[in-house]
Amino acid sequence: MAGPNTQAMTAKNGFLSNLSQKSSGNLALWGGIIFCALFTGLIALLDYRLDRIALLPDQGVAWYYWKLPDPTFWTRLSVWGLYLLHQLSSFALIYYAQTRIKRYTPGLHPFNLLALGVNALFIFFHLIQTHIFYDGLAQDVSIFSSQGSVIVLLVWVLLMENNRRGMFFGQKLPIGQEVIRFARKYHGYYFSWAVIYTFWYHPMVSTTGHLIGVFYTMLLLLQSSLMFSRIHTNRYWTVTLEVLVLIHGTLVAIMQAGMDGFWPMFFFGFLSMFVITQMHGLGLNHLWRWLIFAAYLASMLVIYNWRGWSNLNEVIRIPIIDYLSVIILALLFWLGLFITGLFKKRSQAV
């Protein structure tokens, strides 16, 4: 029979073990962020080697500028081959995690180290591929496919988080639990496709927009590598990943059209998503929520007093699209589950 001293020692060892595991998760997260930042700097540092590439003139909104005028079999094989290897590797890792690991721990599983290594390897491969063959997937697919995949990812997160933080100032949408469970169970596969597809869509060039985009995409790859560790669900980290689209979208819009352009649509659109939905999952007290809301209103007052109140509708464009998309996505999941249920009932009845 264990005495008090033995029980105390066991409890102490358990506490220290959990603390050590948690530290490993935090170390992996911050180490990964530093890696992403340094690698983004490396892309910028090596960009002079791509000055030899001659590109066609810009041909409008649907045209992707950074692609070769005369692609070859080898340029296509390099990017599609590496993309497929990266994608299939990610799917295999997700399947292994869901069927073998199944549980969250404070720190890292050995599996997480493997996932971090695989993603880091393909990040280096993409840089090498860009400097030898240049082209990304953009040569063969629409620019809207890349943008659309990320939009659906962000909407999927809103759907998954409905039960925890609500949709409108903490109030939940009446979405069935079966739909939420489906979204949570299979989100890894869709997120993996959306992130890796977008990652390989662009060559690693050093325009400001590309650098911000590749840094953001690498952070999402880092997040996917940390699955089934508690840091993967840390609410401050996950909201940071959601809010970064505000910075990316706003800066790209300013670079494309200047300060007189359409950047407030992205800035206030995504800021509205934070104020209406995302900040309500952070556990902030009422004072902080009101302070953030007041700063939000004050910034709108300043910008639209200068920009013109006739443009105020910019603020609601992205939220309307996102919230309608959540409803559509939930209905699609419900319909798929309903049809699947009918087939199961028929097969059981036979």
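Report follows, based on the coordinates.

Parameters at a glance
- Residues numbered from 1 in each chain as written.
- Predicted model: local features only at pLDDT ≥ 70, side-chain atom pairs only at ≥ 80, totals over all residues.
- Heavy atoms only, no water.
- Helix = DSSP H or I, 4+ residues; strand = E, 2+ residues; numbered from the N terminus.
- Rg over C-alpha atoms; globule rule 2.2 N^0.38 Å.
- Buried < 20%, exposed > 50% of the residue type's maximum accessible area, 1.4 Å probe, protein only.
- Contact = heavy atoms within 4.5 Å.
- Core = buried A, V, L, I, M, F, W, Y, C linked by side-chain atoms within 4.5 Å.
- Phe/Tyr/Trp six-rings, centres within 6.5 Å; stacked < 30°, edge-to-face > 60°.
- Lys NZ or Arg CZ within 6 Å of the ring centre and 35° of its normal.
- Polar contact = N/O pair within 3.5 Å; in protein donor to acceptor, adjacent residues only side chain to side chain.

## Focus on the overall build of the chain
Then, number 1: Helix and strand content of the chain: 11 helices and zero strands.
Then, number 2: Mapped in sequence order, the helices and strands of the chain form the string α-α-α-α-α-α-α-α-α-α-α.
Then, number 3: Relative to the 2.2 N^0.38 estimate, which gives 20 Å for 350 residues, the radius of gyration of the chain is 23 Å and therefore close to what a compact globule would have.
Then, number 4: Judged by the C-alpha coordinates and their principal axes, the chain covers about 80 × 60 × 50 Å.
Then, number 5: Within the chain, the fraction of its 350 residues that count as buried is 42%.
Then, number 6: Of the contacts made within the chain by residues no fewer than 6 positions apart, 79% connect residues no fewer than 24 positions apart.

## Some details on the nonpolar core
Then, number 1: Ranked by internal contacts, the top residues of the largest apolar core, which has 86 residues, are Leu159 and Trp200.
Then, number 2: Take this core: its biggest share by element is 12 residues, from helix α6 (residues 177–201).
Then, number 3: If sequence neighbours within four positions are ignored, tryptophan 200 has contacts with Val79, Leu82, Tyr83, His86, Phe122, Phe125, His126, Gln129, Gly136 and Leu137.

## Points about unusual backbone geometry
Of all residues except glycine, most have a negative phi; of all peptide bonds, most are trans.
Then, number 1: Although it is not a glycine, tyrosine 134 sits at a positive phi angle of roughly 75°.
Then, number 2: Mapped onto the elements of the fold, tyrosine 134 is located in the loop between α3 (110–133) and α4 (143–160).
Then, number 3: Phi is positive for phenylalanine 228, close to 65°, though the residue is something other than glycine.
Then, number 4: Inspection of the secondary structure assignment puts phenylalanine 228 in the loop between α7 (208–225) and α8 (235–257).

## Things to note about the packing of aromatic side chains
Then, number 1: Taken as a whole, this structure holds 33 aromatic pairs when the rule is applied.
Then, number 2: Note that lysine 67 overlies the ring of tryptophan 63, its terminal NZ or CZ placed 4.3 Å from the centroid.

## Quick notes on the environment of asparagine 313
Then, number 1: With respect to the helices and strands, the residue asparagine 313 is situated in the loop between α10 (286–307) and α11 (314–349).
Then, number 2: Looking at asparagine 313, the relative accessible area reads 36%, which means it is partly exposed.
Then, number 3: When the C-alpha atoms of asparagine 313 and phenylalanine 228 are compared, they prove to be 41 Å apart, with 85 residues separating the residues in sequence.
Then, number 4: Among the polar contacts listed, one links the side chain of asparagine 313 to the side chain of arginine 317, at a separation of 2.6 Å.

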